[in-house]
Amino acid sequence: AHSVMEMDLHSLPLYGIPFCVKDNIHVEGMPTTASCPSIAFFPEETASVVKRLEDAGAILIGKNTMDQFATGLVGVRSPKHPVNLFDSDYIPGGSSSGSAVAVAAGLVSFSLGSDTGGSGRIPAALNNIVGLKPTPRILSTHGMIYANRSFDCLPIFALTCDDAKAVFEQALVSDCSDPFLGDAHVLHDLESKSLSGLVVGVPAPEFLEFFGDKQAQAGFENAMARMQKLGAKLMDVDYAPFMEAGKMLFDGPLLAERLASIEPFLEADVNDNVRAIVEGAKQYSAVDLCKEYYRITELQAVIKQLFTQIDIMMVPTAPTIYSIADVKADPIKLNTNMGYYTYFVNILNLSAIAVPSEIRPDGLPFGVCFVGKPQSDFALMSLGQQWQQSSNLFFGRNLGQVA
């Protein structure tokens, strides 16, 4: 009987752990809406990664609201939306708002979102939790409504990097139903790497942007000082190539891929801001898109060279945090501002993990993001866990320690 029990524990490493998923991820028996109720439909099968996590013993308890069609970093572009757990006047971050809030509130132990330009990182930062954004094409994305299918990712939200890693390891399986999936066996096993002695690239001072948010600026200055105290060496890097890549996400021919993903749903009751952004693709030609891909390839080569000089990049996850009222008064510009440090990552095929850094004087969370070269996911999780262990910061919305 003892050996049977051992076998069961090994085969069910996530036994009894509750989780939830963003509502653009398919679950058989539950409607998929992508926060657009008028397109609700019941998928024929459950997404591959969700199925794998359930097979490992995790218990799916429901779906999460989101920025409609995963277009947004603010978390309020849906008929009903959550609010920031630290101050209900503020945005929860998107587009995986519900998934992050569920973890931060303690409703589940982990959740899945989707990440095209920051949706697995911004809501993590704004809710004081971890957001693991894998290298594109490492986790199967079979079974969802896509935004940019060629580089969409399934991020994992959790309270700690070790928790995210435990889920990631179970999700990391081959899947012949996802033609975009790469080879997980090429992941770099650099877990022994320590923050001490690391060369950490940070945007050179002229590129640091906080849109007037002095507390966010101070938060990043504190993070840089802490990184140095932990024994890392900081190196200023030219952030211009990252910015150029990031601008392509919502301001150029790459929008064609987003339009291709949600065009079948545009007859539905689509959010005005979402529609305006996606339909912008119609002004570009196929030739424009070819030229864009050539430039992306050139930028990827530039960044590959940079990563021969640094081990990881560290950036603020979000440059600021806005009130819900401010975002609704100026939805496009403020949403774009939120992606200043996130938009480039998937376009450049990089890995990233968002980790809590501090609680600001105003009581709102501030987080940083470690960005690594492709397939350095395990190294980032290890470094992120060291970062968390070096701080006395609680995780999520700890009611006992927040004024």
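The structure reproduced in this document is the subject of the present report.

The rules behind these values
Residues numbered from 1 in each chain as written. Predicted model: local features only at pLDDT ≥ 70, side-chain atom pairs only at ≥ 80, totals over all residues. Heavy atoms only, no water. Helix = DSSP H or I, 4+ residues; strand = E, 2+ residues; numbered from the N terminus. Rg over C-alpha atoms; globule rule 2.2 N^0.38 Å. Buried < 20%, exposed > 50% of the residue type's maximum accessible area, 1.4 Å probe, protein only. Contact = heavy atoms within 4.5 Å. Areas by Shrake-Rupley, 256 points an atom, 1.4 Å probe, with all protein chains shown as cover. Salt bridge = Lys/Arg side-chain N within 4 Å of Asp/Glu carboxyl O. Polar contact = N/O pair within 3.5 Å; in protein donor to acceptor, adjacent residues only side chain to side chain. Phe/Tyr/Trp six-rings, centres within 6.5 Å; stacked < 30°, edge-to-face > 60°. Lys NZ or Arg CZ within 6 Å of the ring centre and 35° of its normal. Expected span 1.5 Å × (residues − 1). Core = buried A, V, L, I, M, F, W, Y, C linked by side-chain atoms within 4.5 Å. Pairing = 2+ DSSP bridges. Axes fitted to C-alpha atoms, helices over the stretch in contact; angles between N-to-C directions.

## Topic: the overall build of the protein chain
Next, step 1: Counting its regular elements, the protein chain contains 14 helices and 10 strands.
Next, step 2: The globule rule puts the C-alpha radius of gyration for 403 residues at 22 Å, and the 20 Å found for the protein chain is close to it.
Next, step 3: Along the first, second and third principal axes, the C-alpha set of the protein chain runs to 65 × 50 × 45 Å.
Next, step 4: Looking at the protein chain as a whole, 59% of its 403 residues are labelled buried.
Next, step 5: Counted over contacts in the protein chain with a minimum sequence separation of 6, partners at least 24 positions apart contribute 76%.
Next, step 6: For the protein chain, the accessible surface area stands at approximately 15,900 Å², while carbon and sulfur atoms represent 54% of it.

## Remarks on the pattern of salt bridges
Next, step 1: Going through the model one piece at a time under the given rule, you end up with nine salt bridges.
Next, step 2: Linking Glu279 and Arg275 is a salt bridge whose minimum nitrogen-to-oxygen distance equals 3.7 Å. On the criterion of helical spacing, the pair formed by Glu279 and Arg275 is a turn pair, its members being four residues apart in helix H9 (residues 272-279).
Next, step 3: Overall, the relative accessible area of 22% leaves Arg275 in the partly exposed class.
Next, step 4: The partner of Arg295 in a salt bridge is Glu298, with the nearest N and O atoms 2.9 Å apart. Taken as a pair, Arg295 and Glu298 lie in helix H10 (residues 286-306) at a separation of three residues, close to a single helical turn.

## Considerations on the side chain of Ser78
Next, step 1: Examined against the element boundaries, Ser78 turns out to sit in the loop between strand E2 (59-64) and helix H3 (97-104).
Next, step 2: One polar contact links the side chain of Ser78 to the main-chain carbonyl oxygen of Lys80, over a distance of 2.8 Å.

## Points about the packing of aromatic side chains
Next, step 1: Applying the stated criterion across every chain, the model contains 14 aromatic pairs.
Next, step 2: Pairing Tyr239 with Phe344 gives two aromatic rings, centres 5.8 Å apart and planes at 90 degrees, and the pair type is edge-to-face. In this pair, Tyr239 is assigned in the loop between strand E7 (233-237) and helix H7 (240-247) and Phe344 in helix H13 (residues 344-347), connecting sequence segments 105 residues apart.
Next, step 3: Note on Phe370 and Trp387: the rings are 5.7 Å apart at their centroids and 85 degrees apart in plane angle, and the pair reads as edge-to-face. Of this pair, Phe370 sits in strand E10 (residues 365-372) while Trp387 sits in helix H14 (residues 377-389); the two residues are 17 residues apart in sequence, bridging distant segments of the chain. No difference in accessibility class separates Phe370 from Trp387, as the two residues are buried.
Next, step 4: Aromatic rings pair up to connect Phe207, Phe210, Phe211, Tyr239, Phe242, Tyr340, Tyr341 and Phe344 into one cluster.
Next, step 5: A cation sits over an aromatic face here: Arg397 above Phe86, 5.3 Å from the ring centre.

## With respect to H14
Each α-helix winds once per 3.6 residues, and so residues spaced three or four apart point in a common direction.
Next, step 1: Compared with an ideal rise of 1.5 Å per residue, which puts 13 residues at 18 Å, H14 spans 18 Å between its outermost C-alpha atoms and is within 8% of the ideal.
Next, step 2: Among the 13 residues that make up H14, 11 are buried, leaving the element largely enclosed by the rest of the structure.
Next, step 3: Every buried residue belonging to H14 is among Asp377, Phe378, Ala379, Leu380, Met381, Ser382, Leu383, Gly384, Gln385, Trp387 and Gln388, and all of these are buried.
Next, step 4: On its buried face, H14 sits against strand E4 (130-133), helix H5 (161-171), helix H6 (214-229), strand E8 (312-316), strand E9 (351-359) and E10.

## Digging into the nonpolar core
Soluble, globular proteins show a tendency: their nonpolar side chains are buried together.
Next, step 1: Ranked by internal contacts, the top residues of the largest apolar core, which has 107 residues, are Ile91, Met314 and Phe370.
Next, step 2: In this view, Ile91 contacts Val74, Val76, Asn84, Leu126, Ile321, Tyr322, Ser323, Ile324, Val327 and Met338; residues no more than four positions away in its chain are not counted.
Next, step 3: With 18 residues, the next largest nonpolar core counts Ala34, Ile39, Ala268 and Ala281 among its residues.

## Quick notes on the environment of Ala100
Next, step 1: Topologically, Ala100 is positioned in helix H3.
Next, step 2: By relative accessible area, Ala100 is classed as buried at 0%.
Next, step 3: Spatially, the C-alpha atom of Ala100 lies 9.3 Å from that of Gly396, the residues being 296 residues apart in sequence.
Next, step 4: Discounting chain neighbours no more than four positions away, the residues touching Ala100 are Ser111, Pro123, Ala124, Asn127, Ile129 and Phe157.

## Brief notes about the sheet that holds strand E3 (residues 110-112)
Next, step 1: In spatial order, the strands read E2-E1-E3-E5-E4-E9-E10-E8-E6-E7; together these 10 strands make up an open sheet with mixed pairing. Edge strands, defined here as strands with exactly one partner in the open sheet, are E2 and E7. Averaged over all pairs of adjacent strands, the angle between their axes in this sheet comes to 25 degrees, without regard to strand direction.
Next, step 2: As paired strands, strand E1 (residues 18-22) and E2 are joined by four bridges and run parallel to one another.

## Points about unusual backbone geometry
Next, step 1: Note that the residue after Gly94, namely Ser95, is joined by a cis bond; omega there is 0 degrees.
Next, step 2: With respect to the helices and strands, the residue Ser95 is situated in the loop between E2 and H3.
Next, step 3: In this structure, Asn349 is a non-glycine residue whose phi angle is positive, near 65 degrees.
Next, step 4: Position of Asn349 relative to the elements: it lies in the loop between H13 and E9.
Next, step 5: Looking at Asn349, the relative accessible area reads 17%, which means it is buried.
Next, step 6: Phi at Gln375 takes a positive value of approximately 65 degrees, unusual for a residue other than glycine.
Next, step 7: Following the sequence through the fold, Gln375 ends up in the loop between E10 and H14.

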